[in-house]
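Remarks on the overall topology
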Amino acid sequence: MLIDARARLAANPVEDVVSRASRVILGKEGQIRLALACILARGHLLIEDVPGVGKTTLSQALARLLGLDYQRIQFTSDLLPADIIGVSIFERESSTFRFHPGPVFAQIILADEINRASPKAQSALLEAMEEHQVTAEGETRALPEPFFVIATQNPQNQVGTFPLPESQLDRFLMRLKLGYPDAKAERELLRGEERRDILPTLEPAIDAPRLMALQAAVPQVGVSDALLDYVQALVAHTRQSPKYAQGLSPRAGLAVLRAAQAWAMMQGRTQVLPEDVQAILPAVVGHRLHGAGESARGGFDAAADLLTAVAIP
Amino acid sequence: MSAAIPNAALDARGVMWLLGAMLFVVAPHLARMPEWVGAFFVLMVAWRGWVAWRALHFPLRWVVFLLTVAAAAGTFLQYGRLFGRDAGTTLLILMAAMKLVEMRTSREVLLAIHLGFVLVMTNFLYSQTIPMGIYMLACVWIFVATLVGYQRGMGRPATVAERLVPAGKLLAQALPLMVVLFVLFPRVTGPLWALPQDARAGISGLSDTMTPGNISKLIQSEATAFRVEFEGDIPAYQWLYFRGPVLWAFDGRSWRMSEFSPAAALEYPKSERPVKYTVTLEPHGKHWLFALDVPGTLPPGVSARHDLQLRSVRPVDARLRYEMTSYLDYRFGEKLPAGFREFALRFNTWQNPRTIALGRQWAAENPDPRRVIGRALQYFNSQFTYTLEPPLLESDDPYDEFLFDKKRGFCEHYAGSFALLMRAAGIPSRIVTGYQGGEINPLNRELIVRQADAHAWVEVWLEGEGWVRIDPTSAVSPNRIDSGINAALGPIGVIPSLIAADRLGILSNLRFAWDALNSQWNQWVLGYNIDRQRQFLTRLGIDALDWMTLALWLGGVSFAVAGLVSLWLVARDLPRRDPPAVRAWKRYGDKLAQAGLARAPHEGPLDYLARVRAARPDLAQEAGEITERYVQARYGKGLTAPEAKELARRVRDFRPA
């Protein structure tokens, strides 16, 4: 019942989203699933990869399939907070200031190349992510629900980037790498029609209220003591092992658990299994872990090491 | 007050804690010691506390030296020596105070703490009651807590709970060992806590003289004289005369015990109504023992004098337990040798002339001695008042003054004047002192005889009847004899209004319960001497107890107890046994490992199952069943007992190899 649940999930709307998105982003079903788990766990997503692998296409496809409205903000080094949040403009007819909401007032925000902007502009978005509200000219305005940010960034070693500090990286539930498509997918990509042309034809598989209901169901997924033992063992290992410069924070532990619950739910399970934790672990802890010492292995490698280093209790 | 070494090394809170512990343990001593000792101790502790608190410099060494010499000199001047219980304890307290003052290093703190443990023991030289035991247990706890705080070393000072809780656990762990040591440690004859020289000091009780009129206020002492357990019913109050010293010699004012008093065999022409009982006598430092009239048996090491007074060879320095048989209906001393007869009639004719005249007048009026006795009792009954606060009798003729002027007194007055009247009337008489009555504890049916029950009565010798007990006090206050001193005067030692309010008897029941508890404490803790030990161990089936055997037992049992406690501690920290599902799962993994499909430690059950299914399609069904159940047990809602059994059975029957 816990094991072979996916077979019964043909009608699951989440599966529907996955299969339709896979027709647009070829060969990236795993990343699509992780991105969905991230949304269901009410987390924000960071995609780190070189340009042109489909980051924008993925976020646009998700927005359409989930029936959410979508805004894209291209981060540049001269971007100002007002360009994100919005600005009040004096209107001559009514002789009053009227607030013109910025692109942040949408359900899915694609923050493209977030590490190209100055820290000031970065923090304006990151505060909105944390608080689910923005404060402009002394007035606090709530952001729409659901509110979900997909940020992309170029690899840190590229020229002209402002790396996100660790405290801000911590606000993203997951960090994904899309990676190059495999040969078969690439051939299909080359042969087929322009991906961006397919996007407008995508019909929503789900709407905002149903998505929020699914989000509300995530914390109900059962977590046994044995599983908590496993999560704690993972977290404790990062704190004790000399291989890591810094251990995982309690918030990180909580993030692992939430994402694992969302993953388990997507698998059609009512209980979280160690496999669920393992499935989301690299994406959740990759951007929070840094190796220590000369042969420091960061990110995804450190997370993979963690998986094999800790036995399931 | 300035010296080279600042006291930064010692943590001020640790020092304060130690000072508090020291005050706590010395507090019971302060009331017993001369005032200057207490003042000196408190002053030194306060000084040390001030030094620690303000982080001042330590006192100069020569100041400390002079104070130490002065303290020792003061002790010597006070007691005339430096040893013995009082002088030794005083010296120890003073030197402990000086140690606190000069304490600079943590090694000295450790020494002071151990000094505190010795001070705990000195308290038992003075008092061995249950409250003192509890108080000293608290002291030990506090000192262990001090030690715990001290051993913490550097860093944040320990909080109160961080000191007391581990100390309490340590004590609790030591408890079994303490019981073993107490039960098995080889005993020497003699009391548990006593120094030979001081044991008799200040213990009140009966004396070997009686001088009516020189005490104006009899202090009603609640102290227990002895306890009696009767076999069978307790005789009525008017039979409870416990015989003590018998006073023959009279000098016109005082009655004394006679020096010459040959031993006698306990043979009576008439001895009926025997009662058997066991007396637990509190130490009183004298030779005499107490028994109901008339004693029929003698405890070992005890002889009876011809006036039936029981004397032990050694003074009663420790609580003594002895079994007795007495005959309540008796006749003795029918033949009175001339020498004793003359002795029992002796008085000085020039003292108390009016008393002597009255006695002679009664003798002249009544030829029958019994009539004289009746006349005298009637005289007391008609005109006299029983009181514990009689006027002093200061004239040279105290009995005249009492009989004809003051007419107020207690048993000594009545017994003394009655005996003199009898001697004047030519009837041989003597004073018997001892205890009369007592209080029955309804909880354990034990008779408690207190110092307040001390009594004096008269024995007269009658032709053909021998010595006959006459209690003139009963003629004055019959209540005193029938129901005890409490009925005559009201309860003693308790606030009267409280007694009045205590209609339900809660207070008196509490008092009885407390007394019963004390009795057990005395018998089994304080009175656990070599005999009791032997008796107790025999009951446990351990025989042939020379001290070598005991020492072996002690070592063995101590080792066993310490071992058990350690085992428990080790077992407590061992990892818990896995739940059944996990054990089954491990066994399943082991079996597959033998078939070449070992589970990686980090491999989840589903991944493992997938791998097993891929490698061994023949096992797919069974592996799925097992994994399904394990996952349910471990990560799902758990398994019911039959389901868990099913899992274990399937794993047992699983044959991958």
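None of the values given here were measured: they were computed from a predicted structure. (Residues numbered from 1 in each chain as written. Chains lettered and ligands numbered in written order. Predicted model: local features only at pLDDT ≥ 70, side-chain atom pairs only at ≥ 80, totals over all residues. Heavy atoms only, no water.)

1. Re the overall build of chain B
Keep this limit in mind: Labels follow the DSSP assignment, with helices taken as runs of H or I lasting at least four residues and strands as runs of E lasting at least two, numbered in each case from the N terminus. Only protein chains enter the accessibility calculation, which uses a 1.4 Å probe; a residue whose area is less than 20% of its type maximum is buried, one above 50% is exposed, and one in between is partly exposed. We call two residues in contact whenever any of their non-hydrogen atoms come within 4.5 Å of each other. Areas reported here follow the Shrake-Rupley algorithm with a probe of radius 1.4 Å; residue values treat only the protein chains shown as occluding.
Helix and strand content of chain B: 23 helices and 17 strands. Within the span of chain B, comprising 657 residues, buried residues form 45% of the whole. Contacts in chain B between residues far apart in sequence, at least 24 positions, make up 74% of those at least 6 positions apart. Surface accessibility of chain B: about 32,300 Å² in total, with carbon and sulfur atoms responsible for 61%.

2. Notes on the overall build of chain A
The number of helices and strands found in chain A is 13 helices and nine strands. For chain A, with 313 residues in total, the buried portion stands at 53%. When contacts within chain A are restricted to residue pairs at least 6 apart in sequence, those whose partners lie at least 24 apart make up 76%. Of the roughly 14,100 Å² of accessible surface on chain A, a fraction of 52% belongs to carbon and sulfur atoms.

3. Observations regarding the packing of aromatic side chains
The description of an aromatic ring pair uses the distance of the two centres, along with the angle that the planes make with each other. Residue and element names in this part refer to chain B. To be explicit about the condition: Centres within 6.5 Å are what make two rings of Phe, Tyr or Trp a pair, Trp counting through its six-membered ring; a difference in plane orientation under 30 degrees is then read as stacked, over 60 as edge-to-face, and the rest as tilted.
This model, assessed by the stated rule, comprises 32 aromatic pairs over all chains. Centre to centre, the rings of F24 and Y135 are 4.6 Å apart; their planes meet at 25 degrees, and the pair counts as stacked. In this pair, F24 sits in helix 1 (residues 12-30) while Y135 sits in helix 6 (residues 130-151), placing the two residues 111 residues apart along the sequence. Residue Y135 is classed as partly exposed on the basis of its relative accessible area, which comes to 26%. Ring geometry for F250 and Y399: centres 5.6 Å apart, planes at 70 degrees, overall edge-to-face.

4. What to know about unusual backbone geometry
Note that the residue after E145(A), namely P146(A), is joined by a cis bond; omega there is -15 degrees. Checked against the element boundaries, P146(A) lands in the loop between strand 7 (139-142) and strand 8 (148-153). Here the amide bond leading from D293(B) into V294(B) is cis, since omega sits at -15 degrees, within 30 degrees of zero. Inspection of the secondary structure puts V294(B) in the loop between strand 7 (291-292) and strand 8 (302-304). At S95(A), a residue that is not glycine, the phi angle is positive and equals roughly 50 degrees. Topologically, S95(A) is positioned in the loop between strand 3 (86-91) and strand 4 (96-101). Residue class for S95(A) comes out partly exposed when judged on its relative accessible area of 49%. You will see that R273(B), though not glycine, has its phi angle at about 50 degrees, which is positive. Within the fold, R273(B) resides in strand 5 (residues 270-281).

5. Overview of the interface of chain B and chain A
Stated precisely, the cut-off is as follows: Accessible area, probed at 1.4 Å, shrinks when two parts are joined; the buried area is that loss added up over both. When a carboxyl oxygen of Asp or Glu lies within 4 Å of a side-chain nitrogen of Lys or Arg, that pair is called a salt bridge. Pairs of N or O atoms are called polar contacts if they sit within 3.5 Å, as long as, within protein, a hydrogen donor faces a hydrogen acceptor (for residues adjacent in sequence, only side-chain-to-side-chain pairs).
At the junction of the two partners, chain B supplies 19 residues and chain A supplies 21 residues. Of the roughly 1,600 Å² buried at the junction of chain B and chain A (both faces included), carbon and sulfur atoms supply 56%. Per-residue buried area on chain B facing chain A is highest for H602(B), L606(B) and Y635(B); these three make up 42% of the total on that side. The interface formed by chain B and chain A includes zero salt bridges. There are seven residue pairs in polar contact (both at pLDDT 80 or more) connecting chain B and chain A. Elements with a contribution of two residues or more to the side of chain B that touches chain A: helix 21 (605-615) and helix 22 (620-635) of chain B.

6. Details of the nonpolar core
Here is the rule: We define a nonpolar core as any set of buried Ala, Val, Leu, Ile, Met, Phe, Trp, Tyr and Cys residues linked to one another through side-chain atoms lying within 4.5 Å.
Residues L36(A), L45(A), M174(A), V277(A), I280(A), V285(A) and Y588(B) are the most contacted members of the largest nonpolar core, which totals 95 residues. By residue number, the principal contributor to this core is helix 11 (residues 250-266) of chain A, which donates 11 residues. The contact partners of M174(A), leaving out residues within four places of it in the chain, are L34(A), A37(A), C38(A), H44(A), L45(A), L46(A), A259(A), I280(A), A283(A), V284(A) and H287(A). Counting residues in each nonpolar core, the second largest holds 86 residues, with L266(B), L328(B), A344(B) and A415(B) among its members.

7. Looking at the pattern of salt bridges
Residue and element names in this part refer to chain B. Taken as a whole and assessed by the stated rule, the structure comprises 41 salt bridges over all chains. Residue D368 is joined to R370 by a salt bridge in which the shortest nitrogen-to-oxygen separation is 3.6 Å. Overall, the relative accessible area of 30% leaves D368 in the partly exposed class. R370 gets classed as partly exposed once you look at its relative accessible area, which sits at 39%. The closest approach of N and O atoms between E646 and R650, which form a salt bridge, is 2.9 Å.

8. Description of the sheet that holds strand 14 (residues 439-441) of chain B
Each strand in a sheet pairs with its neighbour through backbone hydrogen bonds, running either in the same direction (parallel) or in the opposite one (antiparallel). Residue and element names in this part refer to chain B. Note the cut-off: At least two DSSP bridges between two strands are needed for those strands to be called paired. Interaxial angle, 0 to 180 degrees, is taken between N-to-C directions of lines fitted to C-alpha atoms, where a helix line uses only the stretch in contact.
As summarised here, the arrangement of the five strands in space is 10-5-2-15-14, forming an open sheet in which the pairing is antiparallel. Either end of the sheet is taken by a strand with one partner, and the two such strands are strand 10 (320-331) and strand 14. In this sheet, neighbouring strand axes are inclined to one another by 35 degrees on average, regardless of whether the strands run parallel or antiparallel. Sheet topology places strand 14 next to strand 15 (residues 446-450); three bridges connect them, and they run antiparallel. Within the sheet, the bridge partner assigned to I440 lies in strand 15 and is L447.

9. Some remarks on the sheet that holds strand 1 (residues 44-48) of chain A
Residue and element names in this part refer to chain A. Judged by pairing direction, the sheet is parallel, and its five strands sit side by side in the order 2-5-8-1-9 without closing on themselves. Two strands in the sheet have a free side with no partner beyond their single neighbour: strand 2 (70-74) and strand 9 (172-176). For this sheet, the mean inter-axis angle between neighbouring strands, taken without regard to orientation, is 20 degrees.

10. Regarding helix 3 (residues 55-65) of chain A
In terms of burial, helix 3 of chain A is largely enclosed, as nine of its 11 residues are buried. Listing the buried residues of helix 3 of chain A in full gives K55(A), T56(A), T57(A), L58(A), S59(A), A61(A), L62(A), A63(A) and L65(A).

11. A look at empty space enclosed by the protein
Residues and elements named next belong to chain A. Formally: Put plainly, a pocket is an open set of points on a 1 Å grid over the protein atoms alone with protein on both sides within 12 Å along at least five of seven lines, a cavity is a set where a 1.4 Å probe fits but cannot get out, and a lining residue has an atom within 4 Å of a point. Grid points are joined across faces, edges and corners, and a volume is the space filled by probe spheres set on the points. Each residue gets one label: Ala, Val, Leu, Ile, Met, Phe, Trp, Tyr, Cys and Pro are nonpolar, Asp, Glu, Lys and Arg are charged, and the others, such as Gly, are polar.
Summed over the entire model, instances satisfying the criterion amount to three cavities of 30 Å³ or more. Computed from the structure, the largest cavity encloses a volume of approximately 60 Å³. If you trace the largest cavity, you find it lined by I39, R42, G43, H132, E145, P146, F147, F148 and Q215. Broken down by class, the residue content of the lining of the largest cavity amounts to four nonpolar, three polar and two charged.

12. Considerations on helix 2 (residues 35-53) of chain B
Residues and elements named next belong to chain B. Defined as follows: By this rule, a helix spans an expected 1.5 Å times one less than how many residues it contains.
Here helix 2 is 19 residues long and its end C-alpha atoms lie 27 Å apart, about the 27 Å a rise of 1.5 Å per residue gives. Among all positions in helix 2, only V37, G38, F40, F41, M44, V45, W47, R48, G49, V51 and A52 are buried. Of the surrounding elements, those touching the buried residues of helix 2 are helix 1, helix 3 (61-79) and helix 4 (85-102). Looking at the residues trailing helix 2, positive phi occurs at A55, about 55 degrees.

13. Looking at the environment of Q71(A)
You can see Q71(A) is positioned in strand 2. Not counting the four nearest positions on each side in its chain, Q71(A) is found in contact with P103(A), A106(A), I108(A), I109(A) and L110(A).

14. Points about the packing of helix 11 of chain A against helix 12 (residues 274-285) of chain A
Residues and elements named next belong to chain A. Convention followed: Should an angle fall under 35 degrees it is taken as roughly parallel, and over 145 as roughly antiparallel, whereas 65 to 115 is taken as roughly perpendicular and any remaining angle as oblique. Crossing handedness is read from the near helix: turned anticlockwise from the far helix by less than a right angle, it gives a left-handed crossing, and turned clockwise, a right-handed one.
Running from N to C, helix 11 and helix 12 cross one another at 130 degrees; their axes reach a closest spacing of 8 Å. Relative to helix 12, the element helix 11 lies oblique. Judged by the twist between their axes, the crossing of helix 11 over helix 12 is right-handed. Taken together, the residues of helix 12 that come into contact with helix 11 (itself represented by A255, V256, A259, A260, W263 and A264) are D276, V277, A279, I280, L281, V284 and V285.

15. Details of the packing of helix 1 of chain B against helix 4 of chain B
For any two helices packed against each other, the geometry is given by the interaxial angle and the distance between the axes. Residues and elements named next belong to chain B. Relative to each other, helix 1 and helix 4 sit at 165 degrees, their axes nearing to 12 Å. Classified by the angle between their axes, helix 1 and helix 4 sit roughly antiparallel to one another. At the point where helix 1 passes helix 4, the crossing takes the left-handed sense. Contacts from L18, L19, M22, V26 and H29 in helix 1 reach T89, I93 and L100 in helix 4.

16. Some remarks on the environment of L60(B)
Among the structural elements, L60(B) can be located in the loop between helix 2 and helix 3. Through-space distance from the C-alpha of L60(B) to that of E102(B) is 8.9 Å; in sequence the pair is 42 residues apart.

Structural measurements only, silent on function.
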